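Per-entry structural report
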Amino acid sequence: MAAEKKLTESLIESINKLKKKRNAIILAHVYQRGEVQDIADFVGDSLDLSRRAVCTKADVIVFCGVQFMAETAAILNPYKTVLLPDKNAGCGLADMATDEQIIRIKKQNPGIGVVSYVNSSASVKAVSDICCTSANAVNVVNSLSFNPVLFVPDRNLGSYVAEQTKKDIRLWEGFCYVHEHIISDKLKHLKEKHPYAEIIVHPECTTPVRHMADFTGSTSQMSKYVKQSQLREFIVGTEDNFIYRLKSDNPDKLFYPANTLCEGMNTITLEKVKFTLEKMKYKVHVPEETREKAEIALDKMLTVS
Ligand code: 13P
Ligand code: SF4
């Protein structure tokens, strides 16, 4: 145990030295392992991280998250180096839509608007009218003059938005396995064990799960909800590492996980963060033509939210 602690301390020391040497900033998503969140300069949801990526003065951005998040930082920062500590840190949801599919649908449905959730590839963003995150999806859709609107790629976030807007939303059949893994029975069982706990869930959860929850919101919205609540106990329907964030911010409250982990998020470790700064690998590159188009869709989103 003591040896493990020493190793972690020495890793943290090396990371901090390398960070200074490279003039780097470390951004971490709230689904990162606790120890990775702890060494980050900024921890947040995907919207916060996009905003941070825009205003940093650092030369190098180490992105502790999954590929599409690091790509977003690279799209918004063409003159900076964006590093992803593990090139295989993927998002299963982002892989469920391609630009070719969207171009075909646009041709078949002239006038349809395309909103792409940031959990998508750069090439999908490039053929979209605007991007959104789970924190601003409803506002983004309501800001559009288009109707109908194709919502890509998450069917669950798409139906959550459809419930809250008058727009005609066409759903894409994509989903996040981490959130679809959370089924109503599991939450019912947790509620039986913890009857005073409120159920809070991410909008990537299925409709029956969202409908049984006391609150549905993005990770930043859940954080705010918990902080402001008079209650002490919460059943958390999203990726388990988020509980580390909730506990750090609300040490007097209790959180019960849904037992679901994102493989891509969990592949990032302190060792890999050190490696990324040492070797300046893996650099995220988005072809310029794609980057320019994707940046337009992201910039539009950032002006709405
Ligand atoms: P947030 O938009 O809440 O950061 O969620 C991102 C995500 O990947 C959810 O699975
Ligand atoms: Fe993608 Fe789901 Fe992981 Fe979020 S939790 S990064 S949507 S696979």
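For the structure, check the block above.
Heads up: these notes are all about the structure in this document. Just so it is clear, the model here is predicted, and its values are computed rather than measured. (Residues numbered from 1 in each chain as written. Chains lettered and ligands numbered in written order. Predicted model: local features only at pLDDT ≥ 70, side-chain atom pairs only at ≥ 80, totals over all residues. Heavy atoms only, no water.)

1. With respect to the site of ligand 2
Tyr 31, Val 66, Cys 91, Gly 92, Leu 93, Asn 119, Cys 176, Tyr 177, Val 178, Glu 204, Cys 262 and Met 265 make up every residue found near ligand 2. Looking at the shell around ligand 2 residue by residue, the classes come out as nine nonpolar, two polar and one charged. (Near = heavy atom within 4 Å. Nonpolar A, V, L, I, M, F, W, Y, C, P; charged D, E, K, R; others polar.)

2. Considerations on the site of ligand 1
In the vicinity of ligand 1, the contacting residues are His 29, Tyr 31, Asp 45, Ser 46, Tyr 117, Asn 119, Ser 134, His 179, His 202, Glu 204, Ser 218 and Thr 219. The contact in question runs from an oxygen atom of ligand 1 to an N or O atom on the side chain of Ser 134, over 2.8 Å. For ligand 1, an oxygen atom lies 2.8 Å from a polar atom in the side chain of Thr 219. Here the shell around ligand 1 is built from residues that sort into two nonpolar, eight polar and two charged. (Polar contact = N/O pair within 3.5 Å; in protein donor to acceptor, adjacent residues only side chain to side chain.)

3. Notes on the packing of helix 12 (residues 219-228) against helix 13 (residues 242-249)
Helix 13 packs onto helix 12 with a crossing angle of 35° between their chain directions and a minimal axis gap of 11 Å. Taken as a pair, helix 12 and helix 13 cross one another with a handedness that is right-handed. Between helix 12, through Thr 219, Met 222, Ser 223, Val 226 and Lys 227, and helix 13, the contact on the second element is made entirely by Phe 242, Leu 246 and Asp 249. (Axes fitted to C-alpha atoms, helices over the stretch in contact; angles between N-to-C directions. Helix = DSSP H or I, 4+ residues; strand = E, 2+ residues; numbered from the N terminus. Left-handed = near helix turned anticlockwise from the far one by under 90°. Contact = heavy atoms within 4.5 Å.)

4. Some thoughts on the nonpolar core
Core analysis: the biggest nonpolar cluster contains 61 residues, and Leu 27, Phe 63, Val 115, Phe 151, Val 161, Val 236 and Met 301 have the highest contact counts within it. It is helix 4 (residues 67-76) that contributes the most residues to this core, seven residues altogether. Setting aside its immediate chain neighbours within four residues, Val 161 contacts Ala 137, Val 138, Val 141, Phe 151 and Ile 169. (Core = buried A, V, L, I, M, F, W, Y, C linked by side-chain atoms within 4.5 Å. Buried < 20%, exposed > 50% of the residue type's maximum accessible area, 1.4 Å probe, protein only.)

5. Brief notes about the packing of aromatic side chains
Tallied over the entire structure, the rule returns three aromatic pairs. Ring geometry for Phe 215 against Tyr 225: centres 4.2 Å apart, planes inclined by 10°, an arrangement best described as stacked. Of this pair, Phe 215 sits in strand 10 (residues 215-216) while Tyr 225 sits in helix 12; the two residues are 10 residues apart in sequence, bridging distant segments of the chain. Classification of Tyr 225 by relative accessible area gives partly exposed; the value is 23%. (Phe/Tyr/Trp six-rings, centres within 6.5 Å; stacked < 30°, edge-to-face > 60°.)

6. Considering helix 3 (residues 46-55)
All of the buried residues along helix 3 are Ser 46, Leu 47, Leu 49, Ser 50 and Ala 53. Each buried residue of helix 3 lies within a common arc of 165° when the element is viewed along its axis, so the set occupies one face. Tucked into the core, helix 3 has its buried residues touching strand 1 (24-29), strand 2 (42-44), strand 3 (60-64), helix 4 and helix 16 (288-304). (Arc of directions from axis to C-beta.)

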